[in-house]
Amino acid sequence: MTSDFTRRMMLGALPAFGLAGVASAETTGSRIVTPAEPEVGDMLDAWVDMYGRPTANVMLNGKGPFKFMVDTGSSATVIAERHLTTLAAPEVGVATVAGTTGMAQAPVALINKVQTGVVTKSDLRVAVLKDQNLPDLDGILGGDVFAGYRLNFNIREKTVRVESTRRLARATSPVNMRVRNGLLAEIDGKVGSVNAKLMLDTGAQTCIANRALSAALFKKHPKLMRIDNVQIYGVTGHSIVGEYINLPRVNLRAFSVDDAGCVAADAPVFDLWKLNEEPAMIVGVTVLSRLNSFSIDYGARVFDAALPSDLMAQNMAAQG
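The structure presented is a predicted model; accordingly, all values stated were derived computationally and were not measured.

Criteria and thresholds
Residues numbered from 1 in each chain as written. Predicted model: local features only at pLDDT ≥ 70, side-chain atom pairs only at ≥ 80, totals over all residues. Heavy atoms only, no water. Helix = DSSP H or I, 4+ residues; strand = E, 2+ residues; numbered from the N terminus. Buried < 20%, exposed > 50% of the residue type's maximum accessible area, 1.4 Å probe, protein only. Contact = heavy atoms within 4.5 Å. Areas by Shrake-Rupley, 256 points an atom, 1.4 Å probe, with all protein chains shown as cover. Salt bridge = Lys/Arg side-chain N within 4 Å of Asp/Glu carboxyl O.

Draft legend 1. Here's a closer look at the overall build of the chain. Regarding its fold elements, the chain presents 6 helices and 26 strands. The 320 residues of the chain split such that 55% are buried. Across the chain, contacts joining residues at least 24 apart in sequence account for 65% of those joining residues at least 6 apart. Surface summary for the chain: the accessible area is close to 13,400 Å², and the carbon and sulfur share equals 51%.

Draft legend 2. Spatial organisation of the pattern of salt bridges. For the coordinates displayed, the defined rule picks out 13 salt bridges. Here Glu 163 and Arg 150 are joined by a salt bridge, their closest N and O atoms 2.4 Å apart. Of this pair, Glu 163 sits in strand β14 (residues 159-163) while Arg 150 sits in strand β13 (residues 150-154), placing them 13 residues apart in sequence. For Glu 163, a relative accessible area of 8% translates into the label buried. A salt bridge links Glu 186 to Arg 180, with the shortest nitrogen-to-oxygen separation between them at 2.4 Å. Looking at Glu 186, the relative accessible area reads 1%, which means it is buried. Under the relative-accessibility criterion, Arg 180 is labelled buried at 18%.

Shape is all these values report; function is a separate question.
Structural data, given as structure tokens:
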């Protein structure tokens, strides 16, 4: 069986700037089982890896724990090929993988039981990546596991909690986020004086901008520092060339930063998301990890952030 797994992948490295990104995907999920008091949530035994990305312990078919990255930019779960034999996980099809830098075919495996924190899922179909593409991770935990819930990331304490959505109480927390393609957290923000759609992605180390945003920034902020010929390598084996841009103030509604950077490129993911024609940017952990904590509530459509003192002072100064 062959299917379209319509996924974004950014597993590459830019050693000169210490930049890297990681994978994401889309697929259908199965039932999520919650605890008796889900509003309390449950810690995923998570920590932050060397790139600032949250990772969690995951049990697969009763074995483990395995180290999976918690990726809000991924709508499906991914596993490294080396674990299929150990888990006795059968391959059940082939997926067409649409990555940041190109497209490729990837096997799809069936995991009978996935457990992390309070979440248990049965018969989960996952994309399988070559071991060399996930050398330091066992897999990537995607939105098919935490869809409809609230993820609370505590950067200072290096924990992640899955909680019940606060959808019924969202009158006190106005909606400030959309969910694109069913699982991708997106907010309306600004980069300098340019309105842009911003995707919150804990699986991407850096920010990736589309060409529409790059062109708008060149027009509105022509003096920004730019560095040509920055190469992005993808897990599909393809690469694309982009341009590093030292960004003006990035405003994400819940907070803003003054000293972020991004790589602007013709990444296929923006075509997949139908975001080639308007300014858009993936916001990675180089920005998100500056917070004390933040939460993404997929049910209530709310993004909240708790700022450290220096970032709070910066935001207050910006507001006059």
